[in-house]
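# Structural overview
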Amino acid sequence: MKLIKILSDRIQIKTDEFEFSDARINDLISVSDGKVTLVTTVTSLTDTDTSPGLGDDDYIAQPESIKVIECSIIGSLKNGKFYKAIDEYPVTDIEAEGITPKRFAAMIGGKKSGFQIGKYCTYDCPALVDGNKFFQRHACIVGNTGSGKSETVAKILEEAAKLPGTNIVVFDIHGEYSNISYVDNIKFGEDIDFPIWMLGLRDMAANILKIKEDSATVAMSALRKSYHTICPDGNEGKPVWFDYKALLAKMHELNTQEVNTGDVYKSGDKAGMYKTVKGELNGKLTGTVNAMEAKLSDKRYSFLFAPYGQEYLYQLMQEIMGGNKPVKNIDLSGIPHDVAIPVIGALTKLIYDIQRTGTTYNPITLVCDEAHVYIPDNFQLSASERRMVEIFEDIAKEGRKFGITLFAASQRPSELNRTIMAQCANFIVGKLNNENDKTMIKGMLPDGNESVIDSTTMFSPGDVLIVGDASPIPLKIHVQLAKERPQSRTIDFWDEWKKARDSDYTEQIKEYMEN
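About the cut-offs
Sequence order as written defines the numbering, with residues in each chain counted from 1. Where local features are concerned, this predicted model is filtered to residues with pLDDT of at least 70; where side-chain atom pairs are given and counted, the filter is 80 or more; whole-chain, interface and lining totals use all residues. Neither water nor hydrogens contribute to the side-chain values; these are computed over all heavy atoms in the structure. Put simply, DSSP marks the helices as runs of H or I at least four residues long and the strands as runs of E at least two long, and each gets a number from the N terminus on. Only protein chains enter the area calculation, which uses a 1.4 Å probe; residues under 20% of their type maximum are buried, those over 50% are exposed, and those in between are partly exposed. Whether two residues are in contact is decided by their heavy atoms, any of which lying within 4.5 Å being enough. Each Phe, Tyr or Trp ring (for Trp, its six-membered ring) is paired with any other whose centre lies within 6.5 Å, and the angle between the two planes then decides the class: stacked below 30 degrees, edge-to-face above 60, tilted in between. Here the nonpolar core consists of buried residues drawn from Ala, Val, Leu, Ile, Met, Phe, Trp, Tyr and Cys, with membership extended through side-chain atoms lying within 4.5 Å. Here the expected span of a helix is defined as 1.5 Å times the quantity of residues minus one. In this description, the arc belongs to the directions extending from the helix axis to the C-beta atoms. What makes a salt bridge here is a side-chain nitrogen of Lys or Arg within 4 Å of a carboxyl oxygen of Asp or Glu, nothing more.

### Here's the deal with the side chain of Thr40
Checked against the element boundaries, Thr40 lands in strand S4 (residues 37–49). Classification of Thr40 as buried rests on a relative accessible area of 0%. When neighbours within four sequence positions are excluded, Thr40 is seen to be in contact with Ile11, Asp27, Leu28, Ile29, Val31, Cys71, Ser72, Ile73 and Ile74.

### Here we look at the packing of aromatic side chains
A ring pair, where both rings are aromatic, is described by two values, the distance of the centres and the angle of the planes. A complete count under the given rule lists 11 aromatic pairs for this structure. Seen from their ring centres, Tyr227 and Phe242 are 5.5 Å apart, and the 85° between their planes marks the pair as edge-to-face. Of this pair, Tyr227 sits in helix H5 (residues 217–230) while Phe242 sits in the loop between H5 and helix H6 (244–255); the two residues are 15 residues apart in sequence, bridging distant segments of the chain. Since its relative accessible area comes to 3%, Phe242 is described here as buried. By way of ring pairs, the aromatic residues Phe104, Tyr120 and Tyr123 are connected into one cluster.

### Side note on the nonpolar core
Judged by nonpolar contacts, the single largest core of 87 residues is most densely connected at Phe188, Phe194, Met204, Ile320 and Tyr374. Top contributing element to this core by residue count: helix H9 (residues 337–356), with 10 residues. Setting aside residues no more than four positions away along its own chain, Phe194 makes contact with Phe188, Leu199, Phe303, Leu304, Leu316, Val343, Ala346 and Leu347. Core analysis: the second largest hydrophobic core is formed by 44 residues, Phe115, Tyr123, Ile428 and Val479 among them.

### Side note on unusual backbone geometry
Even without being a glycine, Asn26 presents a positive backbone phi close to 80°. With respect to the helices and strands, Asn26 occurs in the loop between strand S2 (10–16) and strand S3 (28–32). Positive phi, normally seen in glycine, also occurs at Glu370, with a value near 50°. Positionally, Glu370 belongs in the loop between strand S16 (364–368) and helix H10 (371–374).

### A short note on helix H7 (residues 286–297)
An ideal rise of 1.5 Å per residue puts 16 Å on 12 residues; H7 measures up with 16 Å between its terminal C-alpha atoms. Among the residues of H7, those classed as buried are Thr288, Val289, Met292 and Lys295. For H7, the angular spread of the buried residues around the axis is 130°, confining them to a single face. Exposed and oriented more than 90 degrees from the buried face of H7 are Gly287 and Ser297. Buried residues belonging to H7 abut helix H4 (201–208), H5 and H6.

### A short note on the pattern of salt bridges
Within this structure, the stated rule accounts for 27 salt bridges. The salt bridge involving Glu190 is made with Lys187; its shortest N-O contact spans 3.5 Å. Here Lys187 falls in the buried class, since its relative accessible area comes to 16%. A salt bridge links Lys498 to Asp495, with the nearest nitrogen and oxygen atoms 3.7 Å apart. Classification of Lys498 by relative accessible area gives exposed; the value is 62%. Salt bridges sharing partners connect three or more residues here, namely Asp9, Arg10 and Glu70.

This is the structure we're talking about:
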């Protein structure tokens, strides 16, 4: 046996045909020169025939061969325990051997302060996650649609919910976690209202009325003027109560305003009446006024116009940040998508700002489902979109100081904000096929972990890698199903098509037209 190549993140072993005859891809092999012991995972096997050419009568002979095993270095062993750090590398004269299940169990250690997420596939050994290291640093779970992300998140939530002081807020776009017993489901649009003033004037204008701050200067100027008239103590960036209908009335007044010139008509039907001219904004706000009226009359947005005053802010945030259950699920499945995203931004800002005002901090984790949708890595963002992304970036960079962390979930990590990704200390990686997504994840990981990401292409649903501080070793894990599972949004087309189809869409069309 000979070590023929050694790099900082991988090695190549040359041996004969008999050693490691049963070696397989992803097996663990220890490599030692007597002083330094590395733990490696097999990424490539090559068997080369070295015998001279055989004749027709030599078919009984066994050809000689040389086996080359290429491995990625994933850590080192010290006193029989696994460490991700590598202080030294071995010389070329080495001994290599496969790691048995018994040795594997010993090297990753016993139970830590955390939870079991599943079992290591190769060794049938419990896979433990350090709860402190997972939740006190930001984390990210990625994988294709159908790879088991929601099931994995549900397992983590279920384990965390067993603790008496757990405080987790989930932004659930599809309502997947709404029926779980340990979850307080806060469903906007049906059960819970979100008054439009809670967005603040700037974000209401940009995200609900679609007024571009950088180009629609006339409309924004008029909105600000109207806002400060009806709400003298208002703050455009904070959730200060104002009367939306009064704001609309003021905008309508500016749009139809006539200004007295001081002159009087001397004859005709208007004799004795003062002459007027159109006001500065007369006719220039029609589009904005129409947009405001359209939102007010659209039943889909009625939850934005509930008649609640400033006290509602205290009530709602107490329910979200406090409450009696360990997990608060912000269910956004019942409201239009174009409003769901601004609501996430507004709530995140409130949670973060409120959390920072304390002197002692009750730890809270935000689980961001479909995070790439509202925390994108895109330099073409509008001013309001940029503000929302910056909130999450601030949490990623500074949140740990105030006891608030992020747990992002995404099927497209290549589209997820890179600042967020760079601050994550733990990655849970399910099946990934897209090369851009795999490249993104590889770029966030230490040397030696890149090749294990490539192996995820062949994962089954529920198989994951956990790479980071919270997991002792980056090896494939099969996640145990939670006792209470999320509501899957996967529709079995073929099975549904086996049933007789209801071809009457009258009620659905009617509902669409009425909403």
